[in-house]
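# Residue-level structural notes
Below, each chain spelled out in residue letters.
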Amino acid sequence: MTMNSSPARDTVFFLIFAAAVLTMPIWLAPIGAGYPDLLQKFAIFGLFATGFNLLFGLTGYLSFGHAAFLGVGSYTAVWSFKLLGMNPIPAAILAVVTSGIFALAIGYVSLRRSGIYFSILTLAFAQMSYNLAYSVLTPITNGETGLRVLESDPRILDGSAATDGPLISSLFGIEMTGYAGFYFCAAVLLIGFFVAQRIFRSPFGIMLRAVKTNQNRMNYTGLNPRPYTLAAFVISGMYAGLAGALMCITDPLAGAERMQWTASGEVVLMTILGGAGTLLGPIFGAALIKYFENIFSAFNEQTLHEIFGFLPDFLEYPVVAVSSLFVGEGWHLTLGVLFMLIVIFLPGGLMEGISRIFRAFKRSPGKTNPTGATAPAE
Amino acid sequence: MEILRVEGVNKSFGGLKALNNVNFSVEEGTVHAIIGPNGAGKSTFLNCMIGRLAPDTGSVMFGDISLTGMKPYEINQAGVSRVFQTPEIFAELTLLENVMIPTMAKRDGEFALHAFKRLDQDAEIRDKALHMLEDVGLAEKSGTISGALSRGDKRRLELAMCLSQDPKLLLLDEPTAGMSRADTNNTIDLLKRISDRGITKVVIEHDMHVVFSLAKKVTVLAQGTIIAEGRPEDIKGDPRVQEAYLGGAHL
């Protein structure tokens, strides 16, 4: 896995990835995904899933409460806007710090257990945060209304510009909406991806995989698994916090629904769908789910009639009736079917599918794979 | 010189007395075998030595360090490695990675946050691990995922992992259990070869063939008590041992 990589190959891989991300507005346009709102979501959730994968993909610890850190990051970012000003940089840094502290506390307690008990503990913490945000913590979270930036907020770093400027995050005068917002998120995603790539190749990364494979052997090898898992938990919590901050940087509003368990479950789906333990998989998974959410949910019967208009009427109506179950509000059904198909036929996620295709191509000119090991693609 | 000294160790599980006032010591640089019939308390004894079980009373001294109450990884860091009855390896990782992990554990301690270094650029660790794999005859398989190995190869890999840490004391729990005769002989050869490094070894073994071809000293455990101790040839002829261990049959 690690050994068939080299610094040069990793650099090339990173550059190709960076080029692909930065040109997304162009090559995603033909499938209707080239608009900034969706592209921002691709980058933000790609970052969220990349961080989640550092914990789940490498150590095998399945956190079911990662949305809590997303929420913590969001609230911190909005508070940074309110108190310091609309610059996204301090917001992002502060969000990483606070979510890291939260992850340290939650991880310290939850990592005393493993397997399903760990998952339940993290879920309990996330639900606690969610409910607290609606009740006791309303002074900080502004409850159901959600936290937003007001004209009356101090915003001390903005100075006089603050009084008449719009309440949108901006960096050196560039407002973080539209394509500018996407490119800011994409830059952060690239930094996050670079760090994740380094962790995958590092001694620390292999220790995390050792945790997943055999903790008993680790213990009798003179390694304490606890600080390794805790470090992975904190790092992945920081990624989530940063993703939460990006949500507010592109749209300065934080609400508690971001911390709901469905959001925690979504990142699990993204990671498994794309391929847990691979570098690119979680990003593919995140993009696919967000694409389905935005594109399929926007379909209605009218659009279906247009698509199937070439069929004779007696066929067109039943086809539209059946397929309309899978679009619009029924897009979850499409996602569910897709998820089942992938888990059953490609347990390694989309990345396993891609590496199977690559291997099939390699084999076809008569070459056989010389090593017995099946190395998953990045 | 004594490297390991066990004094007055007792261990009970409910009403069952698994170890009864066991006193035991191992000379540095020797191979010491512990034998005994099923249920004699051999594995319990080993587990008390490496921190998996805490003895009810008594002390386990490794040099001048007390091992009682220490965590398994602390005991390993002190210089004690263990080979398990069923090989414990990192089955999802390659052989090379399997050996690099203990090598790093030895160099960097129980926790090190090297998240930005590249593992494949660490020539020191890599060379040492490869060298170790060569020693046990697995070098050509260094890139394979270790879960796919045969049981004999897994055992050799586990041995390489332990040896890569240059332990002062190596504990082997039935190193040939479940192996074919040919694999057993290979393992004996391997263990003899590594004896030249002067690593002290404690071997728990069922197979008399293995014990008598390796050990310098044998301790016989029956029903939680040591009933005999001495050179292999003396133990062979000891009537108490034959009574307890072999039901009176001659070796």
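Residues numbered from 1 in each chain as written. Chains lettered and ligands numbered in written order. Predicted model: local features only at pLDDT ≥ 70, side-chain atom pairs only at ≥ 80, totals over all residues. Heavy atoms only, no water.

### Considerations on the domain arrangement of chain B
Residue and element names in this part refer to chain B. When cut into domains, chain B gives domain 1 (1-79 + 167-251) and domain 2 (88-166). Placing a centre on the C-alpha atoms of domain 1 and another on those of domain 2 gives a separation of 26 Å. Taken residue by residue, the interface counts 20 residues in domain 1 and 15 residues in domain 2. When domain 1 packs against domain 2, close to 1400 Å² is buried across both sides, 57% of that on carbon and sulfur atoms. Ranking the residues of domain 1 by area buried against domain 2 places Gln77, Pro167 and Leu190 at the top, with a combined share of 33%. Between the two partners, domain 1 and domain 2, sit zero salt bridges. Put simply, domain 1 and domain 2 have four residue pairs in polar contact (both at pLDDT 80 or more) between them. Here the side of domain 1 that touches domain 2 is composed, by residue class, of eleven nonpolar, three polar and six charged. (Domains from an automatic or database assignment. Contact = heavy atoms within 4.5 Å. Buried area = accessible area lost by both parts, 1.4 Å probe. Salt bridge = Lys/Arg side-chain N within 4 Å of Asp/Glu carboxyl O. Polar contact = N/O pair within 3.5 Å; in protein donor to acceptor, adjacent residues only side chain to side chain. Nonpolar A, V, L, I, M, F, W, Y, C, P; charged D, E, K, R; others polar.)

### Here's the deal with the nonpolar core
Counting residues in each nonpolar core, the largest one holds 136 residues, and the members touching the most others are A:Tyr228, B:Leu157, B:Leu159 and B:Leu170. Take this core: its biggest share by element is 16 residues, from helix H12 (residues 225-250) of chain A. Mapped onto the domain boundaries, this core takes at least three residues apiece from domain 1 (1-79 + 167-251) and domain 2 (88-166) of chain B. Among residues more than four places away in sequence, those in contact with A:Tyr228 are A:Phe204, A:Met207, A:Leu208, A:Val211, A:Met218, A:Leu223, B:Glu110, B:Phe111 and B:Ala112. Counting residues in hydrophobic clusters, the runner-up holds 28 residues, among them B:Val6, B:Ala40, B:Ile75 and B:Val80. (Core = buried A, V, L, I, M, F, W, Y, C linked by side-chain atoms within 4.5 Å. Buried < 20%, exposed > 50% of the residue type's maximum accessible area, 1.4 Å probe, protein only. Helix = DSSP H or I, 4+ residues; strand = E, 2+ residues; numbered from the N terminus.)

### Things to note about the sheet that holds strand S5 (residues 65-66) of chain B
All names here are of chain B. Judged by pairing direction, the sheet is antiparallel, and its four strands sit side by side in the order S2-S1-S4-S5 without closing on themselves. For this open sheet the edge positions go to strand S2 (16-27) and S5, each flanked by a neighbour on one side alone. Bridge count between strand S4 (residues 57-62) and S5: two bridges; the pairing is antiparallel. Looking at S5, one finds that Phe62 is bridged to Ile65. Along the sheet, helix H1 (residues 42-49) contacts strand S1 (2-13), S2 and S4; its crossing angle with S2, the most-contacted strand, is approximately 60 degrees. (Pairing = 2+ DSSP bridges. Axes fitted to C-alpha atoms, helices over the stretch in contact; angles between N-to-C directions.)

### A word on unusual backbone geometry
In the Ramachandran plot, A:Asn142 falls in the positive-phi region, its phi being about 60 degrees despite a non-glycine side chain. By the secondary structure assignment, A:Asn142 is in the loop between helix H7 (138-141) and strand S1 (147-148). Of note, the phi angle at B:Glu174 is positive, near 45 degrees, even though the residue is not glycine. Note on placement: B:Glu174 falls in the loop between strand S7 (169-173) and helix H6 (181-195). Under the relative-accessibility criterion, B:Glu174 is labelled buried at 11%.

### Observations concerning helix H5 (residues 88-110) of chain A
All names here are of chain A. Taking 1.5 Å per residue as the helical rise, H5 with its 23 residues ought to reach 33 Å, and the 32 Å between its terminal C-alpha atoms agrees with that figure. For H5, the set of buried residues is Pro88, Pro90, Ala91, Ala92, Ala95, Ser99, Gly100, Ala103, Ile106, Gly107 and Ser110. Buried positions along H5 lie against helix H4 (67-83), helix H6 (115-134), strand S2 (170-171), helix H9 (178-201) and H12. Regarding H5, its N-cap is Asn87, as a side-chain oxygen of that residue lies 2.9 Å from the backbone nitrogen of Ile89 further along. (Expected span 1.5 Å × (residues − 1).)

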